[in-house]
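These are the residues of each chain, in order.
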Amino acid sequence: MKKLTSIILVIVLAFSFVVPASAASSETETSSSAPYFSEAEAADIALLFVLNNIGKGGNNWSNDTVVDEVYVLYDFDDNMT
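Every chain's residues receive numbers from 1 upward, in the order its sequence appears when written. Local features in a predicted model are, by the rule used here, given only for residues with pLDDT of at least 70; side-chain atom pairs are given and counted only at 80 or more, and totals for whole chains, interfaces and linings are based on all residues. Remark: hydrogens and water are excluded; side-chain values derive from all non-hydrogen atoms of the structure.

Draft legend 1. Representation of the overall build of the chain in the model. Regarding its fold elements, the chain presents 3 helices and 0 strands. Helical segments are the DSSP runs of H or I of at least four residues, strand segments are the runs of E of at least two, and each set is numbered from the N terminus. Start at the N end of the chain and walk to the C end: the helices and strands fall as α-α-α. By residue count, 5% of the 81 residues in the chain fall in the buried class. Throughout, a residue-residue contact means that at least one pair of heavy atoms, one from each residue, lies within 4.5 Å. Considering only contacts in the chain between residues 6 or more positions apart, those separated by 24 or more positions represent 27%. When the accessible surface of the chain is split by element, carbon and sulfur atoms take 62% of a total near 7600 Å². A simple rule labels every residue: compare its accessible area, found with a 1.4 Å probe on the protein chains alone, to the largest value its type can have, and call it buried under 20%, exposed over 50%, or partly exposed in between. Under the convention used here, a 1.4 Å probe and the Shrake-Rupley method define accessible areas, while residue burial counts only the protein chains that appear.

Draft legend 2. Here's a closer look at a nonpolar patch on the surface. Nonpolar side chains collect at one region of the surface, where M1, L4, I8 and V12 lie side by side and expose about 450 Å² of accessible area between them. Within the secondary structure, M1 is located in the segment before α1 (2-18). Classification of M1 as exposed rests on a relative accessible area of 79%. Patch definition: residues above 30% relative accessible area lacking any salt bridge, with like charges linked at up to 9 Å and the nonpolar side chains Val, Leu, Ile, Met, Phe, Trp and Tyr linked at up to 5 Å. Note on definitions: salt bridges are taken to be side-chain nitrogens of Lys or Arg within 4 Å of carboxyl oxygens of Asp or Glu.

Have a look at this one:
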């Protein structure tokens, strides 16, 4: 019984080292420079985040907090994030 278990474990380990896994790059995701949503939608999402976190974590946010400005962020390849 021990021999059979050992053989099964050796086979499982051999196959787990033989099959490499790698991530394929997807050019379709990064080739588009159009944003997923508008600045107004980004401001709404930011305001929802602020309103959900009022009084949590020692921040100074209140019901009077507003989104003053929206910044476009870029990754290392100059794609909008």
